[in-house]
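Given next are the chains, with one letter for each unit.
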Amino acid sequence: MRYQTTTELTPRQTLEQALADFGPGGVGLQITSQTNLGLIFQGGGGHIAVTAQPGTETTVELETREWDYAVQQFMARVHRRRPWWQRWGQRKRPGTSRAVSFTVLDNS
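Residues numbered from 1 in each chain as written. Predicted model: local features only at pLDDT ≥ 70, side-chain atom pairs only at ≥ 80, totals over all residues. Heavy atoms only, no water.

A. Expanded view of the side chain of Thr5. For Thr5, the position within the fold is in strand S1 (residues 2-7). Given the relative accessible area of 3%, Thr5 is considered buried. (Helix = DSSP H or I, 4+ residues; strand = E, 2+ residues; numbered from the N terminus. Buried < 20%, exposed > 50% of the residue type's maximum accessible area, 1.4 Å probe, protein only.)

B. Structural view of the packing of aromatic side chains. Here the structure, examined in full by the defined rule, presents two aromatic pairs. With centroids separated by 5.7 Å and ring planes inclined at 70°, the aromatic side chains of Phe22 and Phe41 adopt a geometry described as edge-to-face. Of this pair, Phe22 sits in helix H1 (residues 11-22) while Phe41 sits in strand S3 (residues 38-43), placing them 19 residues apart in sequence. Classification of Phe22 as buried rests on a relative accessible area of 1%. A ring pair is formed by Phe22 and Phe74, whose centres lie 5.1 Å apart and whose planes are at 50°; its orientation type is tilted. (Phe/Tyr/Trp six-rings, centres within 6.5 Å; stacked < 30°, edge-to-face > 60°.)

C. Helix H2 (residues 68-78), seen in detail. Those residues of H2 not exposed but buried are Ala70, Val71, Phe74, Met75 and Val78. The buried residues of H2 occupy an angular sector of 140° when the element is viewed end-on, so they sit on one face. Where H2 is buried, its residues contact S1, H1, strand S4 (46-53) and strand S5 (58-65). (Arc of directions from axis to C-beta. Contact = heavy atoms within 4.5 Å.)

D. Structural detail: the nonpolar core. Counting 18 residues, the largest nonpolar core has Phe22, Phe41, Ile48, Val50, Leu62 and Phe74 as its most contacted members. Contributions of two or more residues to this core are made by H1, S3, S4, S5 and H2. No other element matches H2, which puts five residues into this core. Not counting the four nearest positions on each side in its chain, Ile48 is found in contact with Phe22, Leu29, Leu39, Ile40, Phe41, Glu63, Thr64, Trp67 and Val71. (Core = buried A, V, L, I, M, F, W, Y, C linked by side-chain atoms within 4.5 Å.)

E. Looking closely at the side chain of Asp21. With respect to the element layout, Asp21 can be found in helix H1. For Asp21, a relative accessible area of 14% translates into the label buried. Ignoring any residue separated from it by four or fewer positions in sequence, one finds Asp21 in contact with Gly26, Val27, Phe74 and Arg77.

F. Local environment of the sheet that holds S1. The six strands lie next to each other as S2-S3-S4-S5-S1-S6, forming an open sheet whose pairing is antiparallel. Each having just a single partner strand, strand S2 (30-35) and strand S6 (103-106) make up the two edges of the open sheet. Direction aside, the axes of adjacent strands within the sheet are offset by 20° on average. Across the sheet, H1 touches S1, S2, S3, S4 and S5, and the angle it forms with S4 is around 165°. In the packing of H2 onto the sheet, contacts are made with S1, S4 and S5, and the angle to S1 comes to roughly 15°. (Pairing = 2+ DSSP bridges. Axes fitted to C-alpha atoms, helices over the stretch in contact; angles between N-to-C directions.)

Written as structure tokens, this is what we have:
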């Protein structure tokens, strides 16, 4: 399964969160590949590949086999909005409020 979401975290922060969630200190997967903008984990009969693309918001693409629930929890965690005090004074733009969402890119 392939997923995509956006986050206000930087690509580095996103990958650090992925390492904490999926690595040895999280669900216990082993890192098999690491680049500046991506990580690949394997174990438990499956894998998770995480890619973070910089922009005004970081776009996070995830590919998984056997780890869909953990990936969905990760996406919900990184998609959180900043606390109200960090948004204080920003002008509210109509239609910009969004619920937590992700896109299924490929269901194979």
